[in-house]
Every structure is written in C-alpha cells, then in structure tokens.
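# Structural overview
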Amino acid sequence: MLAWASLLVVAGLHQPALAQLGSTTPTQGYYMAIEELYEGDYRGALKDFQGEVRGGIRIGLTRWIDSICYQTMLGETYYQMGNTSQALVEFDAACELYLSYPKWLLSVDFRQAIRPDANPVRRIAPWGRPQRQVTYGQLPDTMLIQQGEMITEQRLQQGGTIQSQQMWRVDVVEVVRATALAIRRRNEILGPLGKTDRMSKSLVDTLARGDTTQRNHWSGVWSELLLATAQQGIGESQQALAHFSRAALIDGRYDHDLTAAALLGQATIALESGNAQAALNLATEASYAAYAYEDYDLLGASFELMHRAFIAGGGEGALAQLDVAAQWATRKNFDHLAATCLIGEAEQLVSSGDSRTSLAKLGAISTRRRDLKAGRLGPWRRYVEAFIAYEENNAKLGDKAIAEAIVQNRAQSLRNFQIGLTTGRVDSGRLPTREAVDLYAILLREPLAADWAYSPLETLTNLTTPYEGAMNRWLLSALDREQVTDAIDIADLAKRRRFWLAQGIGGRLLAIRHLLESDPVLLSPEAAVERRDLLLRAPDYSKLVEQAAEIRAEIDAKPMADDSGKMDNNQYNLLKRLASNAEQREALIRRLAMRRDATDMMVPPRMNAAALQQKLDKGQTVMVFHQAGNAVFGFVLLDKDYHLWRLPDAEVMAEATGDMLRAMGNFTQSRTLTTEDLSLELWKPMAMQYGDLLFEESRINLTNTKELIVIPDGVLWHAPIEALMPTIGGNKDFVIDRTPVRYAPTLGYAMPNAKPMRPIRTSIVAAEIGAGATDFLPQQAAEEIASTVTGSVVLNAPVTTPTPLIASMAEELVVLATAEIDPSEPYAFTPMPLDRPTSRGTLGTWTELPLPGCERIILGGMRTVAESGLKARSRSRNAEAVVPGPEMFHASCTLLASGAKTVMLSRWQTSGKTQRDLLRELVLELPHTTADEAWRRSVALARRTNLDPDQEPRYKRADATSEVPTAEHPFLWAGYLLVDTGYDPRPAEEEPAQP
C-alpha cells in the first residue's frame, strides 16, 4: 500500500478541476484599483493593490502568475507617487515571478481564435483616428490555464508532494500587459544600469530562447513584445525595433490589446535616435491603440511621449490631441491622465509665449486629488509654473517655483536613484570598477542636448544635487584601473560641479549669459548654434545689447568720478539705465532657462587633461590637487608625461597647513612680529618640511620648470606654494625663486582663451571709505597706485549703484578696502565693499548681467582665515565647523566667470608700505608681461627693500637703534594668491624678463 502521508490531493484523481468556479483572475477589485490609480487616488489604489497582493494565489508557498499583475500595479502606484525605490522592489518581484514561470503561456487553452471586432467604431479615440490601416482584433476576456499535474498510477508510485491538475480562468492579456509594464518601468528606473543588471540579462536570455509560447502561434507576438522591451533595458534598442514591429499585429493583420505597447516602444527608440517627428507619429498611434483597448497606463505614457516629441520637434502652440484627450479624461474622472495632458499643454503654450492660456490649463487640473501634487506629476507642474512666472516677468515667484520643483524632484529623480544604486553596488563590491567607471561617466556627465530636450527638470535636478560621494567613487574606480588622465578629468568635473551647485539653477543661468554675451567667433560650432537658437527665441535680447552699448558709450565719454572720488548724478543716472537694461536681459534669460534648448556648460571652461597637455609648452608644469573624501591626491601634467601620488589624508593636511601658517606668523589679524620673528632661519625648517610634504613624491623638477600652474583643492587653497622650500633636486630656495607660480581653480582656467586682453583705458581704485581711513592702507596707497595705472578713477565713498556694474566700466580694478570672506558663507563676501546696501555687491551678483568683464581684479584688502592660522570664525550662529579652502575656490571661480583673466586675492594683511609697494609694482608691470612674471618681479623688488618701521603696523621694532630687516620673510609677501589664465601680452619672440 502507498504511503499517503506525503501526498497532497487537491482535486480528483484523473479529471482536472475548474478552480473557483465562476471567478476570474485577476479579481474585479484589481481592475477597480487600476481605475483608482488613474483617477489620481494613489493612496486608495495603494491600499487596494496591497490587499490584492496579500490575497494572491499560492502554489504551496510560492506565488502564482496572478501576482505579476498585483505586484506590477503596486509598483506602478509607488512609481506615480514618486517612491522609486519601493516601486523597483515590486517590479523586481513581478519580473522574478515571470522568470519562475517563463513558459506559462504554453499552458493556456487558446481554443478561441482572435476575431475582428464587429463594432470597431467604439474603439475610435475622441482625439483622432489612426493613420494606419487598422483592423481591431478581439480576444476573449479570459482563457483557461492548466496548472498542476495529471495524477496517474505511475505518478503516485513516484511519491512526493503532488498538486493535482486545475483549470484557472485568467485574464491572460492582463498578465502579459503587466509583465511588459514591469519590464518597461524597470528599464526606466535602472537606466544605464540595465546593461549590467542580472535580472535584465536573464529576461533577455529567457525570452530570446523562443520557447515561451507555442511555435507558429499568434501568441508569439506577446513573446516578441516582452523580448523587445527587455532588450531595450540592456541597451539593444536597434535589435528590439524588429521585435516591436512584429509585435504590433497578430497574424500581420489585427491590432490587439498590446499593440499600443509595441508602438510606444518604437516611438521611444525613434526619439532616442533624434527623430522627433517619427516619435510623435508613433506615440500618437500608440495613444489611439491604448484607447481602443482601455489601457490607461499606455495612454498616460503615450501622452507624455507625444508631448516630449512635439516640443523636441519645435512644435508651435499646443498639440490639439492633448487638448481633446484632457477633456475626455476629465469627463471620465481620470484625473491622473487629465493632469498629464494639461501639464503638457501648459508647457507647450508657455513655450509659445501664451502664458495666460498656459496658466488656465494648469488651473483646470482637478483639485480633488492631493496626491497629484505630491506624486511624480507634481515637480513637472511646478516647473511649468516657474516657466509661466518668468514669462510674466515675476522673477521672485519663478525662482521660488523652480526651487521647489527641483527639491521635490530630487527625491523622485530617476537619475539620482541610479547614481545612488550605482554607489551602493560599488560599496558592496557587486559592481566591478570597469563597469562603475562606465556608469558614472554616463550618470555624472555634463548635460547633453538630448538631456535638455527630453528631460529639462531632471537635468536641472542633476546640476543642483551634490554628488561628492559618487564623484569620489568614480575617481577611485578610475585610479583602481590606473586611468590617471581620466581621473584628472573626473577631478576637474567634480570641481566644476561644485561651482555649478552654487550658481542659480545649477549654472544654467550663467551658461546662457555667457552664450549670449560671448563673441560668436570664440564659440565652438555647437555653442554658436545654441547661441543662434536662443537669440531666435528672444529677439529682443539683441536690441537690449545694442542699447547697453550706447549707454556704455555715454558713460565712457565722461570721468567716472570727480577728484574727491564721488560720482556725479549724471553718471549715476546712466548706470541706473544700464542696470535696468541688465534686469530686462536677465528676465529674458530666465525665460530661456526654462526652455528645452541646449546650453553648453561653458563656465568654468571645459578642458580635459589630454587637451591641456597639447597646449603646454616644454617646461610648463600643471600641479593638480584633489580631495576625494578624506583622501588627497596630487597629479602632475607635463607636455608629454603625467604622474599621480597620494598625499596624507585631508585632516593631516589641514593640521599641517595651519601649523605652517602659524609658523609664518599668522595667529591673529593684529599680531605684530619682531625682528626675531621675521628671521628666515626660524621659517626655513617649516618651509622645507611642508614643502616636502607637497612636492617630495611629485617628481617635479623645479630646476627645469619654466612655469608652475597650481590647481589647489580644499585647505591647500591656503598653502602659499611660492614661499615653500622643498628639498627636491638638492635645492632649498623658495619656489618663487625657481619658477613663476600662478593658480587656477580648474583645468579650463589654466590656459588663456583665444581672446586677447583689452588695453587698459580705465582703472578703478576702490579705497577705504572716508578720507581719513587708516585702518588698512593709508590713503596715500590709493593715490600712489592711482598715479601708476592708466585712466585711474579713485572711489572712496559709498555708492548706491551695484559695484559689479561699476566694475563693468573698467579693464582693471584695484580694491584696497577691507573685506573678509567667511568659509561658511563665501557668497556673502563683498569684493568691492562700497555698496549701500552691501547685499547689492556680494560675490553671487558678480556673475549676473551685466557681466563685469573687468579683466584684471586685485583684491588687496581681502582677509581670510589664513591670517588666524585657519581657525575659522563663522558669522552664522550654531553653524557647523567648515573646513577652510573652498571659499577661495568659489571666489576665484566667480571672479573669473565674471570676465576676469587675472585675479589677485590677499589671504592676510600686512597693512603697510611693503604691501603697498607689492601692489603698485604689480599693476605697473601687468600690461607688459605675464601676471606671474609681473608678480615674481614685484616680490623680488620688495624682498630687497628694508622695512620702514613707521609704515609697517605689523612689524614691531625693538628700539630705535636696532637693525631693521628687509622684507625677505614670506609673511610680508606670500599672503597673495595669483589666480591667472596665463595670458601673455608680449610678442611671441620676446623673452621673459629676469627678476
């Protein structure tokens, strides 16, 4: 007798049972939940789909294919709510289930063949008819699926657990639809990670075998659809195209329930290929097919793709189909679908200049559903509201709306999710470094034209999100593969991204300003086309530029200020007109920023390591420092070589830099130094120790170096390289005695562009406010320097016109007035502290129109935390400790972005004759040689000069008879940071002057 203990009998021995007679799978509650979702009741749909998942059929402990539907739609609900991570969990579960039952379609009883619909008129969408020749096919709502085993005597003898054979009545089409949706959404969520994703590859491998459906049966179109969708996910779009084409019709004749999915897949590939018109046509056809078979998911996806293709193709006005579709969806209470159409219409209308109708479209969106604003459609709507506000010249409202759109989208961004997923896989060791390098190169790249055209809000979100952790892992992955020049490029992009992060709308506004204000001759061919397209969008911009030039000519015709340093009312009025003109241009730029037109992120300039090497002359050395987390790396670039080394960790470098600055004499702003303090013998040990810390493993031969270009990072912005005495090469001289030194914030600023510097016609000297000001340099400093420079104008009184506007009228600016930069608030720094109110001239305003364009900026009165040995004092209460250094990067980058080519920043003040002499000699020599040679000469002259105790407030002489030292000690001359692009005004054949 057989042992029955292990036998599970679910039904009779020989005849299959009809499970749950009269019921169907999925349940009616499932379809009601779908309607809830597209009505915009996301939370209601979420609750109902969770219930469906709990009630799904189980075979033992394993879910069956009906759960593909439940978990897909639960994932879709999370997706529309903006919960990307949880959505992926559910889509993964649905795809895992499919892979557990890849041949389930072989068990379907297809005894009812497809037949033409007897009433095709009911399938015609209100917004249009297909342009294809269409025969609508009709399949039964449900089909029987055989599940389990036939119980025979032989099977009983084998023993084990047996599930008896059952017949389930299943909506087969819905299971296939849900599977296709799960795969498609996984593709969207994973993006470029799909190529390396295990499940994505398994789906392609499984479906490519061709044994998931009956051979030579019409159901093979479903297998074609799933395979095509899966192939898209691993980047095989062109292979997918043929499968999508075959999946569109059953027997080459009938439209079917998933025709829309096949057409949408083709439309997506067309858009990826840049064929916007084909994409629009296919997406429109997909919307007709989705309506014909009541597929609300594909309707929404088709509407979105129609919108993107319409705008990408340069469509004017609004897409008529979306207007009719919105009305239909509103009548049917499909608020989600209606909102999709209305937001798309609104963006199209405002792009065409019709902000009033655009606002009305947004107002037509149902207010019944709070979920719509909180979900994935919310940031898009807020983005369009920002566009409308800018179009109506309401910059304040527009700035608020776009900031809120970006913040909301940051939590929902697919790109952000992909970056986080990549980083997680790198940290867990599941992603090889080769694949990590390739993925980060896609995810963290500069925006492409396609990014702006197809997903502008996602692109802005990407530019305004800090990715330090991801950038660091990308860099380390490249170094792990010994890709040194690639690592230099990654480090440079990280620096440029930091700058964009601090700019308006992620640097988008700055990029447009520079495109429009640049000489077209100096632009790349691609950038020149972008500029032309933007000017076509804003024809008034060119007129405003012409008007600005006329106003400037009037200002130039008269002295900027009188002999007392005050501007007369006529000049003030002209500057106000210029400011008004700039505001009008800024308003146009904000409108352009919301459009989907591409803009080259040309500031800071793009330059890769290989291109920079080609520009280097023999003997020029670029020394790049980069901090990645706590790791600090050094790179050296020569014309035909490069080198990488690792410095001590950031904390060690910060401590060593602070010790070095204090050893130099920087303890407080007012501390005086004695003759003994200014002895080089006391400085040399630290100069050699710290110098070796930076240079020892650099392989730099300073003897053969004709120019040293330093790109600092982190705390090393406060390291005075010129004053160090590294022992490399057996030489212990100051670095500045061995080679000229200049600094740059990025690779692109290390070399001059093709535009020569303008001859100096006007030099503005901004002195301390008040004729009796003596706290900093004496008043005679302004007079001495003014007598040295060309076309000098001394300003020593408060101004009500923004100082960047005043600076725009000069080729050279020398600021002697005191201003301190706070590491925690670098953009609150005022480079030219004469503004009333001071907020009108803060650092952030220097990249706004009119771009100052002052090519030589010397901030001789700037104070930093270096003069207190890096012991920062934040103005903000309860502010977290901020590591000094980045504030100097932002100041340098901003002033260069404003149009400067040479920027001198003081790190600390000596407030005496030596400082005055240094600055005077620098400005005297700048028109005649390179900035670093001019500075080297100025330092050499100062170091030979004896100190004047009566004019050096930081020097304390022991008594009237004691010996007075020279200014040889670096405390007196090394507190300056020469940021320069390397422009040389000399004829090419002229040799550099000797100091």
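Up top is the structure these notes are about.
Residues numbered from 1 in each chain as written. Predicted model: local features only at pLDDT ≥ 70, side-chain atom pairs only at ≥ 80, totals over all residues. Heavy atoms only, no water.

In the structure shown here, the tally under the stated rule is 20 aromatic pairs. A centroid spacing of 5.4 Å and a plane angle of 75° characterise the contact between Y291 and W328, whose relative ring orientation is edge-to-face. On the criterion of sequence distance, the pair formed by Y291 in helix α11 (residues 276-292) and W328 in helix α13 (residues 320-331) is long-range, its members being 37 residues apart. Judged by centre distance (5.2 Å) and plane angle (65°), the rings of W935 and Y976 are edge-to-face. Of this pair, W935 sits in helix α37 (residues 931-943) while Y976 sits in strand β22 (residues 976-980); the two residues are 41 residues apart in sequence, bridging distant segments of the chain. (Phe/Tyr/Trp six-rings, centres within 6.5 Å; stacked < 30°, edge-to-face > 60°. Helix = DSSP H or I, 4+ residues; strand = E, 2+ residues; numbered from the N terminus.)

This part is about the pattern of salt bridges. According to the stated counting rule, one finds 68 salt bridges in the structure shown. With a shortest N-O distance of 2.8 Å, E174 and R177 are connected by a salt bridge. Placement of the pair is E174 and R177 together in helix α6 (residues 172-190), with a separation of 3 residues, close to one helical turn. The same class applies to E174 as to R177, namely buried. (Salt bridge = Lys/Arg side-chain N within 4 Å of Asp/Glu carboxyl O. Buried < 20%, exposed > 50% of the residue type's maximum accessible area, 1.4 Å probe, protein only.)

Counting across every chain of the model gives 0 disulfides. C69 supplies the cysteine sulfur nearest to C95, a cysteine that is in no disulfide, at a spacing of 12 Å. Since its relative accessible area comes to 1%, C95 is described here as buried. (Disulfide = S-S within 2.5 Å.)

With that settled, the discussion passes to the packing of helix α14 (residues 335-351) against helix α17 (residues 377-391). A pair of packed helices is captured by two measures, namely the crossing angle of their axes and the spacing between those axes. The contact between α14 and α17 brings their axes to 10 Å, and the two run at 25°. If you check the angle between α14 and α17, you find them roughly parallel. Here α14 runs over α17; the crossing is left-handed. Contacts from H336, A339, T340, I343, G344, A346, E347, V350 and S351 in α14 reach L377, W380, R381, Y383, V384, F387, I388 and E391 in α17. Of the residues belonging to the contact of α14 with α17, the class tally is 10 nonpolar, 4 polar and 3 charged. (Axes fitted to C-alpha atoms, helices over the stretch in contact; angles between N-to-C directions. Parallel < 35°, antiparallel > 145°, perpendicular 65-115°, else oblique. Left-handed = near helix turned anticlockwise from the far one by under 90°. Contact = heavy atoms within 4.5 Å. Nonpolar A, V, L, I, M, F, W, Y, C, P; charged D, E, K, R; others polar.)

We now examine helix α18 (residues 395-412). With 18 residues, α18 should reach 26 Å at 1.5 Å per residue; the first-to-last C-alpha distance of 26 Å fits that figure. Buried within α18 are the following residues: G398, A401, I402, A405, I406, N409 and Q412. In a view along the axis of α18, the buried residues occupy a sector of 135°, so they form one face of it. Turned more than 90 degrees away from the buried face of α18 sit K396, V407 and A411, all of them exposed. (Expected span 1.5 Å × (residues − 1). Arc of directions from axis to C-beta.)

Residue alternation in strand β16 (residues 792-795) divides its side chains into a buried set, V793 and L795, and an unburied set, S792 and V794. In this sheet, β16 lies alongside strand β15 (residues 763-766) in parallel orientation, the contact comprising 4 bridges. Bridge pairing links A766 to L795 in β16. (Pairing = 2+ DSSP bridges.)

Here the focus is the packing of helix α27 (residues 540-556) against helix α28 (residues 569-594). One way to put it is that α27 packs onto α28 with a least axis distance of 10 Å and a crossing angle of 165°. By the angle between their directions, the pair α27 and α28 is classed as roughly antiparallel. Between α27 and α28 the crossing geometry is left-handed. Of α28, the residues touching α27 (which contributes D540, Y541, L544, V545, Q547, A548, I551, R552, E554 and I555) are Q571, L574, L575, R577, L578, N581, Q584, R585, L588 and I589. Of the residues belonging to the contact of α27 with α28, the class tally is 11 nonpolar, 4 polar and 5 charged.

What follows is about the pairing of strand β11 (residues 631-637). Two faces make up the sheet, and in a regular strand the side chains alternate between them. The buried fraction of β11 is high, at 7 of 7 residues. Across 7 bridges, the pairing between strand β10 (residues 620-628) and β11 is antiparallel. Following the sheet pairing, V624 is matched in β11 by F635. From the end of β10 to the start of β11, which pair antiparallel, there are 2 residues, and G629 there has a positive phi angle of about 70°. Note: β11 against strand β12 (residues 642-647), 6 bridges, orientation antiparallel. Considered in β12, the bridge of F633 is made with R646. Here β11 folds back onto β12 in antiparallel fashion, the turn holding 4 residues.

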